There are 2 protein chains.
Amino acid sequence: MANINEVAKLAGVSVATVSRVLNGQDVVTPKTRLKVEDAIKKLNYEPSMLGRNLRNSESRVLLVLIPSISNPFYFEIIKGIEATALDYNYNILLCETDSNPERENIYFDLVRKKMADGIISMDPAVNIDTLKSLSEKHSIIQCSEYSTEGNIPYVTIDNEDAAYRAVKHLIKLGHQKIALFNSNEKYLYARQRKEGYIKALKEFNLPVKEEYMIYTDQLGFDNGSQATKKIMNLKDRPTAIFAVSDLLAIGALKELNSAGVNVPDEMALIGFDNIDFSNMTHPTLTTIAQPMYQMGTVAASMLINKINGKHVENTVLNHELLIREST
Amino acid sequence: MANINEVAKLAGVSVATVSRVLNGQDVVTPKTRLKVEDAIKKLNYEPSMLGRNLRNSESRVLLVLIPSISNPFYFEIIKGIEATALDYNYNILLCETDSNPERENIYFDLVRKKMADGIISMDPAVNIDTLKSLSEKHSIIQCSEYSTEGNIPYVTIDNEDAAYRAVKHLIKLGHQKIALFNSNEKYLYARQRKEGYIKALKEFNLPVKEEYMIYTDQLGFDNGSQATKKIMNLKDRPTAIFAVSDLLAIGALKELNSAGVNVPDEMALIGFDNIDFSNMTHPTLTTIAQPMYQMGTVAASMLINKINGKHVENTVLNHELLIREST
DNA sequence: CTGAAAGCGCTAACAA
DNA sequence: TTGTTAGCGCTTTCAG
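Residues numbered from 1 in each chain as written. Chains lettered and ligands numbered in written order. Predicted model: local features only at pLDDT ≥ 70, side-chain atom pairs only at ≥ 80, totals over all residues. Heavy atoms only, no water.

Taking an unreviewed UniProt entry as the reference, chain A is identified by name as Transcriptional regulator, LacI family belonging to Piscibacillus halophilus.

Colleague: Hey, could you run me through the protein's contact with DNA strand C in this one?
Modeller: Taken together, 25 residues form the shell around DNA strand C, and within it Ile4, Tyr45 and Arg55 of chain A together with Arg20 and Thr29 of chain B come nearest. Considering the 4 Å shell around the protein, atoms of DNA strand C inside it are sugar or phosphate in 64% of instances. Between a phosphate oxygen of DNA strand C and a main-chain N or O atom of Ile4 of chain A, the distance comes to 2.6 Å. The set of elements that each furnish at least two residues to the surface near DNA strand C consists of α2 (15-22) and α4 (49-56) of chain A together with α2 (15-22) and α4 (49-56) of chain B. For the surface near DNA strand C, the element with the highest residue contribution is α4 of chain A, accounting for four residues. Taken together, the residues of the surface near DNA strand C sort by class into nine nonpolar, eleven polar and five charged. (Near = heavy atom within 4 Å. Polar contact = N/O pair within 3.5 Å; in protein donor to acceptor, adjacent residues only side chain to side chain. Helix = DSSP H or I, 4+ residues; strand = E, 2+ residues; numbered from the N terminus. Nonpolar A, V, L, I, M, F, W, Y, C, P; charged D, E, K, R; others polar.)

Colleague: How should the relation of the copies chain A and chain B be read in this particular structure?
Modeller: Both copies of the chain are related through a single rotation about an axis accompanied by a shift along the same axis. Mapping chain A onto chain B calls for a rotation angle of 180° and an axial translation of 0.0 Å; the resulting RMSD is 0.1 Å. Such a turn and shift between the copies fits a two-fold axis. Closest approach to the rotation axis within chain A is made by the C-alpha atom of Leu93 of chain A, at a distance of 2.6 Å. A share of 96% of interface residues in chain A that are also interface residues in chain B marks the association as one of identical surfaces. (Least-squares fit on C-alpha atoms with pLDDT ≥ 70 in both. Contact = heavy atoms within 4.5 Å.)

Colleague: Please clarify how the protein's contact with DNA strand D should be interpreted in this entry.
Modeller: Taken together, the neighbourhood of DNA strand D is formed by 26 residues, with Arg20 and Thr29 of chain A together with Ile4, Tyr45 and Arg55 of chain B sitting nearest. For DNA strand D, the fraction of atoms within 4 Å of the protein that belong to sugar or phosphate moieties is 61%. Every element with two or more residues in the surface near DNA strand D is listed here: α2 and α4 of chain A together with α2 and α4 of chain B. Classifying every residue of the surface near DNA strand D by side-chain character gives ten nonpolar, eleven polar and five charged.

Colleague: Looking at this structure, how should I read the sheet that holds strand β3 (residues 118-121) of chain B?
Modeller: Strand pairing in a sheet relies on backbone hydrogen bonds, with the paired strands running either antiparallel or parallel. All names here are of chain B. Taken in spatial order, the six strands make up an open sheet running β2-β1-β3-β4-β5-β11, and their pairing is parallel. Unpaired on one side and paired on the other, β2 (91-96) and β11 (315-317) mark the two borders of the sheet. When strand polarity is set aside, the average angle formed by the axes of neighbouring strands in this sheet is 20°. In this structure, strand β1 (residues 61-66) lies alongside β2, joined through six bridges in parallel fashion. Directly across from Leu63, in β2, lies its bridge partner Leu93. On the sheet, helix α7 (residues 128-137) packs against β3 and β4 (139-143) and is oriented at approximately 140° with respect to β4. (Pairing = 2+ DSSP bridges. Axes fitted to C-alpha atoms, helices over the stretch in contact; angles between N-to-C directions.)

Colleague: Honestly, the pattern of salt bridges in this entry has me stumped. Any pointers?
Modeller: Tallying each qualifying case throughout the model produces 26 salt bridges over all chains. Across the pair Glu76 of chain A and Lys79 of chain A runs a salt bridge, and its minimum N-O distance is 4.0 Å. Taken as a pair, Glu76 of chain A and Lys79 of chain A lie in helix α5 (residues 73-87) at a separation of three residues, close to a single helical turn. As a salt-bridge pair, Glu185 of chain B and Lys194 of chain B come within 3.0 Å of each other at their nearest N and O atoms. A single network of salt bridges, built from pairs that share partners, joins Lys177, Lys209, Glu211, Lys235 and Asp236 of chain A. (Salt bridge = Lys/Arg side-chain N within 4 Å of Asp/Glu carboxyl O.)

Okay, structure coming up:
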């Protein structure tokens, strides 16, 4: 593998000139540029990022922390991040924490060790203390889930309002007994969505019943199925479910279908996220759509700005209620 | 940020000694080791991978090429790759090509530019010529989809046999008119699965009808729905569908459910891949399960071996027919 | 067992 | 406009 020296020698110029050509600096005479380009072609030379990165003390890698790669919620966000990253000549290292602090630490180490220039954290279960202390020396952006501790910039949606609108939609449809499938309240979004749920109920003078609120530790299909079983056994069974994730809702739908409960007639169902699959169920799922791709591009832009020492502002994006067959 | 020099100075040793401690070389006296470790702690020192990587001319990054991040088929494979990679102190750069040659090239450039030490390609649409020429200088492994051109090592399953067994299962159930939802025949796996389909039909003296074979360009839900519409309009409508991907099958199921066609009574359905969703549909989907996680670990091990100059052998893993409600 | 020094491949300040 | 040179942070050879 040729290096910059050999190119310089073959072209009859100095390495500095080769470097200039490589970086598109227009101080170079067209004639010398041509010589250099010729030499590059002849030697099949490819500049090594290893040398360049050391010299520039940067890795041009952005770390993206997600709890699980199999949650479709993150797909579009990741695409947005990646597109923006590539635009700015960054690459993304997608890191799945499995909500495992040990694994998380492996990834944090990458930025400590300069293998990454910054982090976009989308992991609700992230250790916020570590994140905080890391953010003192490194660039970090929170995406979707966030904490206001530590002043780490974030991009998100108004979770409370989204939940409020979802539940209000159910109420307008005539539902009075509405279950909430929520995730663990240690997560901010869970607390916020619960707030929205309660706000809607209260606004219409409906009772807030503890037994209608089911908490699941994960946001998988199975958790949705389990939760559904629980509310089906209630003496005063709800007529509608608001699930804080489409995965949960789809698990619920599966259980309802199996139990022969008609959706939406006997049980209305509304999810959250608008993942692809939510439109492939039978019936299709009413859900809250977040501008995921945009969230990704915004997060990436914020991070890149932060890396470059610019000031970045927190961003709250708009959501949308998507009414489909399940309500 | 402290560097190795400052640590050496504070510890009163040379940088060489610090490096030895860092790399766990046991030539160092316990006493000096202690001094060094103290200094490291005091300075909060983290060794920079930038320097180390340049020196070792390696990046300890593995490139993983997939066509689309939203195809769940890849999840478990990626998990397998990642787990093995981490074991060997590698990180993976997950690269989504969108079957776009331009994007593909951006990623290939990363290994040319030494940002990555090797590639695991899972993209059926990959430019095999580029891959071939790249494999002359770089370590590459093909995973799942492969080409025998260029002698690039691969890990895969026996696609023909898998398809054969799927279709045989349908035939044993009494089906005589079986549709095939295949992807584009430019892909090897598509050709192989078609072979298996035909082999089973022939073995039972069933006619092979062109009109029962639908080709889709992508493996998404929508393609499955479209394909289903086509065969529903056939005068001699099939009674069973074998789809070469669960996504296709789920799209088909959606269409069948909407059209009020009972699955499996009026139309049996079998997919391929055993993605998570396949167990969440109503009815649940019969499918072919591939050992995806293992495929990932094997691919990663092969690649790491290749990077280290060892010889690697092609591997064919076992598959399994998972009979569920849709047949 | 430890240290001095070279060098991985590149960029940029400075000089010419 | 181009060249010389130092140095990014680390590992490793060679000497001691």
